[in-house]
Amino acid sequence: MSDTALAQRDIALVDLVDRLIGGGVVIAGDITLSVADIDLVYVNLRALITSVGTLEESRRR
Amino acid sequence: MIELLAFTDDAPAPEPPLRALGDGRVRAVCRPAADAQHTPDALWRHEELLERLMEDRGLLPVRYGTVVPDEEAVLRALDERRDELAAGLERVRGAVELALRVQEHDAGAGFTERAASAGAARRLHEALAPLAREAVVQPSRELLRAAYLVDRDAVGAFAARVRELDAAHPELALVCTGPWAPFSFAEAR
């Protein structure tokens, strides 16, 4: 995989994590797994995206 | 313990270890909960699984990491929200989610430039929203973070419009990703 493709996958991962932990149907009153380690990935990636230029259809494909 | 992945409409039974619980127009897709390693690969596999299910059924993704004690809890969640979930499935069926983030290329831009860029980002959203069934602007420190619920067969046209807008705004960095399962449109607003 080229450096660019790797970067694109990382950028798309930010959007994926946004969705997984911030979206979806929320079932009230039930147990949710700890997502502390996901939060950590998330913070690291936030730092990354500020250095990235234009990208479209950036999915891992 | 059972991990709840999505609500779907009536459709062929998913492949084990996935199971669809409930009957009638709304079903809950779940699997035995495992000690999950939340690595990027695991997150991608989760999304890919949802996308495979979406190929032949309407699907509302459930918040990642939702685990309930037993089947009864799954069925209770279904019963309590059956009408709302059926309406949600109706809303998203045949569509996918696209994500857009907009930032300034020049991080050191002054107040005036930043205000102009913020206006331009807002107009980008206004240009794209009519191409979507639904659109939502999400809180962010970026100039724009938005999600669009787009008909599957309109994704190409949406991407083409994003490319045009990108070319017209060299001062902005547009990042458009997807298609995703409709996470941002799963809860009624």
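Our subject is the structure listed above.
Basis of the calculations
- Residues numbered from 1 in each chain as written.
- Chains lettered and ligands numbered in written order.
- Predicted model: local features only at pLDDT ≥ 70, side-chain atom pairs only at ≥ 80, totals over all residues.
- Heavy atoms only, no water.
- Phe/Tyr/Trp six-rings, centres within 6.5 Å; stacked < 30°, edge-to-face > 60°.
- Helix = DSSP H or I, 4+ residues; strand = E, 2+ residues; numbered from the N terminus.
- Buried < 20%, exposed > 50% of the residue type's maximum accessible area, 1.4 Å probe, protein only.
- Pairing = 2+ DSSP bridges.
- Axes fitted to C-alpha atoms, helices over the stretch in contact; angles between N-to-C directions.
- Core = buried A, V, L, I, M, F, W, Y, C linked by side-chain atoms within 4.5 Å.
- Contact = heavy atoms within 4.5 Å.
- Salt bridge = Lys/Arg side-chain N within 4 Å of Asp/Glu carboxyl O.
- Expected span 1.5 Å × (residues − 1).
- Arc of directions from axis to C-beta.

1. Regarding the packing of aromatic side chains
All names here are of chain B.
Thought 1: On inspection of all chains with the given rule, the structure shows 2 aromatic pairs over all chains.
Thought 2: Look at Trp-44 and Trp-180: their rings are 5.9 Å apart centre to centre, the planes differ by 15°, and that puts the pair in the stacked class. Residue Trp-44 is found in helix α1 (residues 40-54), and its partner Trp-180 is found in strand β9 (residues 172-180); the two are separated by 136 residues along the sequence. Trp-180 carries the same exposure label as Trp-44, and that label is buried.
Thought 3: An angle of 50° between the planes, with centres 5.1 Å apart, marks the rings of Tyr-148 and Phe-158 as tilted. With a gap of 10 residues between them, Tyr-148 in strand β8 (residues 144-151) and Phe-158 in helix α4 (residues 155-168) connect regions that are remote in the sequence.
Thought 4: Residue classification places Tyr-148 among the buried residues on the basis of a relative accessible area of 0%.

2. As for the sheet that holds strand β6 (residues 95-104) of chain B
Residue and element names in this part refer to chain B.
Thought 1: If you trace the 4 strands from one edge of the open sheet to the other, you get β7-β8-β6-β9, paired in antiparallel fashion. Both outer strands of the open sheet, β7 (134-137) and β9, are each paired with one neighbouring strand and no more. Averaged over neighbouring strand pairs, the angle between their axes works out to 20° when direction is ignored.
Thought 2: In this structure, β6 lies alongside β9, joined through 7 bridges in antiparallel fashion.

3. A closer look at the nonpolar core
Thought 1: Core analysis: the biggest nonpolar cluster contains 42 residues, and Leu-100, Val-102, Tyr-148, Phe-158 and Leu-174 of chain B have the highest contact counts within it.
Thought 2: Mapped by element, the contributors of at least two residues to this core are α1 (3-22) of chain A together with β1 (2-8), α1, β6, α3 (111-128), β8, α4 and β9 of chain B.
Thought 3: Per-element accounting of this core gives the leading share, 6 residues, to α1 of chain B.
Thought 4: Contacts of Val-102 of chain B, omitting those with residues within four sequence positions, involve Ala-121, Leu-124, Glu-142, Leu-143, Leu-144, Leu-172, Ala-173 and Leu-174 of chain B.
Thought 5: In this structure, Ile-27 of chain A together with Phe-7, Ala-147 and Leu-149 of chain B belong to the second largest nonpolar core, which totals 26 residues.

4. So, the pattern of salt bridges
Thought 1: Considering all chains together, one arrives at 18 salt bridges over all chains under this definition.
Thought 2: Two residues, Arg-19 of chain A and Glu-97 of chain B, come together in a salt bridge whose shortest N-O distance is 2.5 Å. Linking Arg-19 of chain A in helix α1 with Glu-97 of chain B in strand β6, this pair reaches from one chain into another.
Thought 3: Of the residues examined, Arg-19 of chain A reaches a relative accessible area of 2% and is grouped as buried.

5. Brief notes about α4 of chain B
One turn of an α-helix holds 3.6 residues; hence residues three or four places apart share an orientation.
Residues and elements named next belong to chain B.
Thought 1: For α4, which comprises 14 residues, the first-to-last C-alpha distance of 20 Å matches the rise-based estimate of 20 Å (1.5 Å per residue) to within 8%.
Thought 2: For α4, the full list of buried residues reads Val-155, Phe-158, Ala-159, Val-162, Leu-165 and Asp-166. Here the buried residues of α4 occupy an arc of 120° about the axis, which is enough to place them on one side. For α4, exposure combined with an orientation more than 90 degrees from the buried face picks out Ala-157, Ala-167 and Ala-168.
Thought 3: If you follow the buried residues of α4, they end up packed against β6, α3, β8 and β9.

6. Re the environment of Leu-165 of chain B
Residues and elements named next belong to chain B.
Thought 1: Residue placement: Leu-165 occurs in helix α4.
Thought 2: Overall, Leu-165 belongs to the buried group, its relative accessible area being 8%.
Thought 3: Sequence-wise, Leu-165 and Leu-128 are 37 residues apart; in three dimensions their C-alpha atoms are separated by 9.3 Å.
Thought 4: Excluding its chain neighbours within four sequence positions, the residues that come into contact with Leu-165 are Leu-124, Ala-127, Leu-128 and Leu-174.

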